Amino acid sequence: MTRPRIVCTVPPQGWFGGRDYLGSKVLTDVMADLGYEVFLLDTECFYSGDAPGIHEALRSVRQFAPDIAIATPNAGYGLGVQVKVAGKSHNVFTDLLEIPLALCWDDPLGQFAGAFLAPLPKSMGQSRPGALQRLRSGIAHPLIRHYGWDTGHIQTMVDLGLVDEGRTAFHMLPAKQAYVDCGSATGSPVAYEQDVCFAGNVYLNQVTSDPLHKFPEIAQLAERVAARKLADFSPSTWEVLLDELRRLSDADRTRLKLLPDETFFWQAYRYLVWVAANTHVRMGVLAGVAHTVDFYGAFADPKSVDLLKDYPNIRYRGSVDYVRELPQVFNRSRITVDVTNQLAQRSVPAKFMECFAAGGFMLIDRRPDLIAAFGGAAAAVTYTSLREPHA
């Protein structure tokens, strides 16, 4: 049987600190090594609106004649490859080439909202109803294939009526080869360079500079959600957010446009979960660690770096290359303390697997998908309260 010809998306090199570009390259290199014919479609021209670049990209991909498309490293880049035809946006893969498009989810709630509800409103007054139907229409394309790494994401998408039961395949995120190679190369006992580290992003600057922070009800909601998470890691931030919204009166939810069928709800979700909860919960854990924490990252909100100086136990060590350097950081740290990205509901991002694959050791908040996969071994390296990682 002839192997399918695959077109894969290549993110703009500078986006998300270059991490998405490197993540995409790792995946496409593996496909090429397995013997597949792969066409790398540079997506930058589509995002910048470079008409000549788009024309050349379309000519080249049509000449390649792919059988399928894969959005690497995640779904957003496949959805972003669009062109205008008669004033209407069309996806290059599903609408023009009419080939299947595999979407590997990041956070389907926030990412699909950004793709299908754009431009998202900056205030309640700009909100529009009908958000759920617009999301359903975009996601339900018969040529789209869904792959989720979090069972909570999958169930929430089903509960909202955005995907049908059984239409999304579940696969936890694995460690990339560079981390496995690092761990395999370690011989005699490791010479540790730091006792405790954290590698990731916080958004200390963006929390207060985001336009949504100026709305007192939104800022207060963010504080309540984060406080509840720090008190109890068991429920997901999505569950806590929904519970907080249920505590509001019907009149307030309607006035604030905090109903899933309103486009402002999804802008608020992206701020409350991606930015505010992520930052407040991570900093709440790291600030309480009774040791110096070597902090690597903060590339997604560089202005946060100066604000880290307000935390006396945190020592900023810069941003490191995701493929060439981060494996060594994990390997040379006695303990990596982490707090799962708050967009996750039941699972863990690849970072957890990659730390152990690199020969490191990580403590992370307890996640049901992780426990289901690894049982007692996972329970032994996870915590359920602020007291546990601070010993």
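Residues numbered from 1 in each chain as written. Predicted model: local features only at pLDDT ≥ 70, side-chain atom pairs only at ≥ 80, totals over all residues. Heavy atoms only, no water.

Re a nonpolar patch on the surface
Next up, step 1: Among the surface-exposed residues, Trp15, Phe16 and Tyr47 lie close enough to one another that they form a single nonpolar patch of about 270 Å² accessible area.
Next up, step 2: In this structure, Phe16 sits in the loop between β1 (6–10) and α1 (19–33). (Patch = residues over 30% accessible without salt bridge, like charges linked within 9 Å, V, L, I, M, F, W, Y side chains within 5 Å. Areas by Shrake-Rupley, 256 points an atom, 1.4 Å probe, with all protein chains shown as cover. Salt bridge = Lys/Arg side-chain N within 4 Å of Asp/Glu carboxyl O. Helix = DSSP H or I, 4+ residues; strand = E, 2+ residues; numbered from the N terminus.)

Details of the packing of helix α11 (residues 216–231) against helix α14 (residues 263–288)
Next up, step 1: At a closest axis distance of 9 Å, the pairing of α11 and α14 adopts a crossing angle of 45°. Judged by the inter-axis angle, α11 sits oblique to α14. Handedness of the α11/α14 crossing: right-handed. Contacts between α11 and α14 pair Ile218, Leu221, Ala222, Val225, Ala226, Lys229 and Leu230 from the former with Phe264, Tyr271, Leu272, Ala276, Ala277, His280, Val281, Gly284 and Val285 from the latter.
Next up, step 2: For the contact of α11 with α14, the residue count by class is 13 nonpolar, two polar and one charged. (Axes fitted to C-alpha atoms, helices over the stretch in contact; angles between N-to-C directions. Parallel < 35°, antiparallel > 145°, perpendicular 65-115°, else oblique. Left-handed = near helix turned anticlockwise from the far one by under 90°. Contact = heavy atoms within 4.5 Å. Nonpolar A, V, L, I, M, F, W, Y, C, P; charged D, E, K, R; others polar.)

A few points about the state of the cysteines
Next up, step 1: Applying the stated criterion across every chain, the model contains zero disulfides.
Next up, step 2: Looking at Cys8, it has no disulfide partner, and the nearest cysteine sulfur is the one in Cys104, 9.2 Å off. (Disulfide = S-S within 2.5 Å.)

Here we look at the side chain of Thr94
Next up, step 1: Along the polypeptide, Thr94 turns up in helix α5 (residues 92–97).
Next up, step 2: With residues up to four places along the chain from it excluded, the contact list for Thr94 reads Ile99, Leu101, His141, Leu143 and Ile144.

Some remarks on the pairing of strand β4 (residues 82–85)
Next up, step 1: Direction of pairing for β4 relative to strand β5 (residues 88–91): antiparallel, over a ladder of four bridges. From the neighbouring strand, Gln82 faces β5, where its bridge partner is Asn91.
Next up, step 2: In this antiparallel pair of consecutive strands, β4 and β5, the connection spans two residues, and Ala86 shows a positive phi of 55°. (Pairing = 2+ DSSP bridges.)

Some thoughts on the pattern of salt bridges
Opposite charge on two side chains permits them to pair, given that their charged atoms come into close proximity.
Next up, step 1: Considering all chains together, one arrives at 21 salt bridges under this definition.
Next up, step 2: Of the charged contacts in the structure, one is a salt bridge between Arg228 and Asp243, with a shortest N-O distance of 2.8 Å. Placement of the pair is Arg228 in helix α11 and Asp243 in helix α12 (residues 237–246), with a sequence separation of 15 residues.
Next up, step 3: Overall, Arg228 belongs to the partly exposed group, its relative accessible area being 28%.
Next up, step 4: Here Arg253 ties to Asp250 by a salt bridge, and the two come within 2.2 Å at their closest N and O atoms. A residue pair is termed a helical-turn pair when its members lie 3 or 4 positions apart in one helix, as Arg253 and Asp250 do in helix α13 (residues 250–255) at three residues.
Next up, step 5: Residue classification places Arg253 among the buried residues on the basis of a relative accessible area of 15%.
Next up, step 6: A single network of salt bridges, built from pairs that share partners, joins Arg224, Arg228, Asp243, Glu244, Arg246 and Arg247. (Buried < 20%, exposed > 50% of the residue type's maximum accessible area, 1.4 Å probe, protein only.)

Here's the deal with the nonpolar core
Where a protein is soluble and globular, its nonpolar side chains tend to be buried together.
Next up, step 1: Core analysis: the biggest nonpolar cluster contains 69 residues, and Phe46, Phe93, Leu103, Phe112, Leu135, Ile218 and Trp266 have the highest contact counts within it.
Next up, step 2: Ranked by the residues each element gives to this core, the list is headed by α14, at eleven residues.
Next up, step 3: Each residue touching Trp266, except ones within four places of it in the same chain, is listed here: Leu109, Ala113, Leu117, Leu120, Ala131, Leu132, Leu135, Leu160, Trp238 and Pro260.
Next up, step 4: Leu230, Val281, Met283 and Val289 belong to the second-largest nonpolar core, a separate cluster that totals 21 residues. (Core = buried A, V, L, I, M, F, W, Y, C linked by side-chain atoms within 4.5 Å.)

Quick look at the packing of helix α6 (residues 108–116) against α14
Next up, step 1: Relative orientation of the contacting elements α6 and α14 amounts to 140°, with a least axis distance of 10 Å. One finds that α6 runs oblique with respect to α14. In this structure, the crossing between α6 and α14 has a hand that is left-handed. Contacts between α6 and α14 involve Leu109, Gly110, Gln111, Ala113 and Gly114 from the first element and Trp266, Tyr269, Arg270 and Trp274 from the second.
Next up, step 2: Looking at the contact of α6 with α14 residue by residue, the class counts come to five nonpolar, three polar and one charged.

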